[in-house]
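Residues per chain are reported as follows:
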Amino acid sequence: MAEKVDDYITQGIYGKKETKPDERRKFLGTLRERTVIALTQAQVRKPGIMKEVKEAMTKNKQARVYLNGHIAYRDISKYAKLASEQQMSFTIVTNKDYNSDLGLVLAYDYAIDQDDIYVQEQSKVYKEANQTEAGFKQWMKKLFRK
């Protein structure tokens, strides 16, 4: 009985016990074993949307998108908008004590143990129609009639 009281007091002082707290901080509140795909902060800051993320969101509609709140909203808003378009829930995670090197994590509420979750740097970026270079070139051709 005394152990239960001590546990209760300890939990009141320090909060609930959490499994793998370092891993949860790194993966924006979730665990590595639940993750479908992860982007670094630098990858999230790149213009356009990573093709792999768009495909992963299309295939995994029951997953949740975790976005790093330490990144400027203008950089994460494109992924928040994509999640909304895919009718997926997303969470912006800001940890005062720790800034993860990850910028986006797509994860389930249960373990899936996917081997390769990181997107490689040479990935092509999906650009929206109004952001494409071809659209700009066509506009310039119309402007100068060449």
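In what follows, the structure referred to is the one given above.
Reading the values: rules and limits
Residue indices begin from 1 for each chain and proceed along its sequence in written order. For a predicted model such as this one, the threshold for reporting local features is a pLDDT of at least 70, and the threshold for listing and counting side-chain atom pairs is 80 or more; totals across whole chains, interfaces and linings nevertheless cover every residue. With hydrogens and water set aside, each side-chain value is computed from the structure's full complement of heavy atoms. By nonpolar core is meant a set of buried Ala, Val, Leu, Ile, Met, Phe, Trp, Tyr and Cys residues that side-chain atoms within 4.5 Å join together. Partly exposed residues are those whose accessible area sits between 20% and 50% of the maximum for their type, while under 20% is buried and over 50% is exposed, using a 1.4 Å probe and protein chains only. In DSSP terms, a helix is any run of H or I states spanning at least four residues, a strand is any run of E spanning at least two, and both are numbered starting from the N terminus. Working rule for contacts: check all heavy atoms of both residues, and any pair within 4.5 Å makes them a contact. What makes two strands pair is DSSP finding at least two bridges between them. Polar contact criterion, stated in full: a pair of N or O atoms within 3.5 Å, where within protein one must be able to donate a hydrogen and the other to accept it, and residues adjacent in sequence count only if both atoms are side-chain atoms. The directions from the helix axis to the C-beta atoms are what the arc is built from. Every axis in this analysis is a line fitted to C-alpha atoms, fitted for helices over the stretch in contact. Angles between the N-to-C directions lie between 0 and 180 degrees. Each reported salt bridge corresponds to a side-chain nitrogen of Lys or Arg within 4 Å of a carboxyl oxygen of Asp or Glu. Here, expected helix span is obtained from the residue count minus one, scaled by 1.5 Å.

Peer 1: Lay out the nonpolar core in plain terms, naming residues and giving numbers.
Peer 2: One finds L39, V53, V65, Y79, L104 and L106 to be the most contacted residues of the largest nonpolar core, which totals 23 residues. Only β1 (35-40), β2 (49-50), α4 (51-59), β3 (64-68), α5 (73-85) and β5 (102-107) provide two or more residues apiece to this core. The element contributing the most residues to this core is α5, with five residues. Setting aside residues up to four positions removed in sequence, L106 forms contacts with R34, T35, V36, I37, A56, M57, A63, R64, V65 and M88. Core analysis: the next-biggest nonpolar cluster, separate from the first, contains eight residues, L28, L102, V105 and A107 among them.

Peer 1: How would you explain the pairing of β3 if you had to name every residue and give the values?
Peer 2: Judged by how many residues are buried, β3 sits mostly within the fold: four of five residues are covered. Both β3 and β5 contribute to a ladder of four bridges, which runs antiparallel. Within the sheet, the bridge partner assigned to Y66 lies in β5 and is V105. Note: β3 against strand β4 (residues 90-93), four bridges, orientation parallel. Bridge pairing in β4 places V65 opposite F90.

Peer 1: Give a description of the side chain of S100 that names residues and reports values.
Peer 2: Following the sequence through the fold, S100 ends up in the loop between β4 and β5. Note on S100: relative accessible area 3%, which makes it buried. A polar contact is formed between the side chain of S100 and the backbone oxygen of K26, at a distance of 2.5 Å.

Peer 1: Explain α4 to me, using residue names and the numbers behind them.
Peer 2: When α4 is considered as a whole, its buried residues turn out to be V53, A56 and M57. Taken down its axis, α4 places every buried residue within 100° of arc, on the same side. Next to the buried residues of α4 lie β1, β2, β3, α5 and β5.

Peer 1: Summarise the sheet that holds β1; cite the residues concerned and give the values.
Peer 2: A sheet is described by the order of its strands in space; here four strands give the open sequence β1-β5-β3-β4, paired in mixed fashion. Both outer strands of the open sheet, β1 and β4, are each paired with one neighbouring strand and no more. Direction aside, neighbouring strands of the sheet carry axes that sit 15° apart on average. Where α4 meets the sheet, it contacts β1, β3 and β5, and its direction lies at approximately 155° from that of β1.

Peer 1: Could you give me a rundown of the pattern of salt bridges, with the residues and numbers involved?
Peer 2: If you walk through the whole model with that rule in mind, you get one salt bridge. Where D22 meets R25, a salt bridge forms, and the shortest distance between an N and an O atom there is 2.1 Å. With D22 and R25 both in helix α2 (residues 21-26) and three residues apart, this pair spans about one turn of that helix.

Peer 1: Give me the environment of D113: which residues, what numbers.
Peer 2: With respect to the secondary-structure elements, D113 resides in the loop between β5 and β6 (125-126). Distance from D113 to R32, taken between C-alpha atoms, is 7.8 Å for residues 81 residues apart in sequence.

Peer 1: Outline α5, supporting the account with residue identities and numerical values.
Peer 2: Its 13 residues place the ends of α5 17 Å apart at the C-alpha level, agreeing with the 18 Å of an ideal helix rising 1.5 Å per residue. Looking only at α5, the buried set comprises D75, I76, K78, Y79, A80, L82 and A83. Directly after α5, the chain includes Q87, whose backbone phi takes a positive value near 60°.

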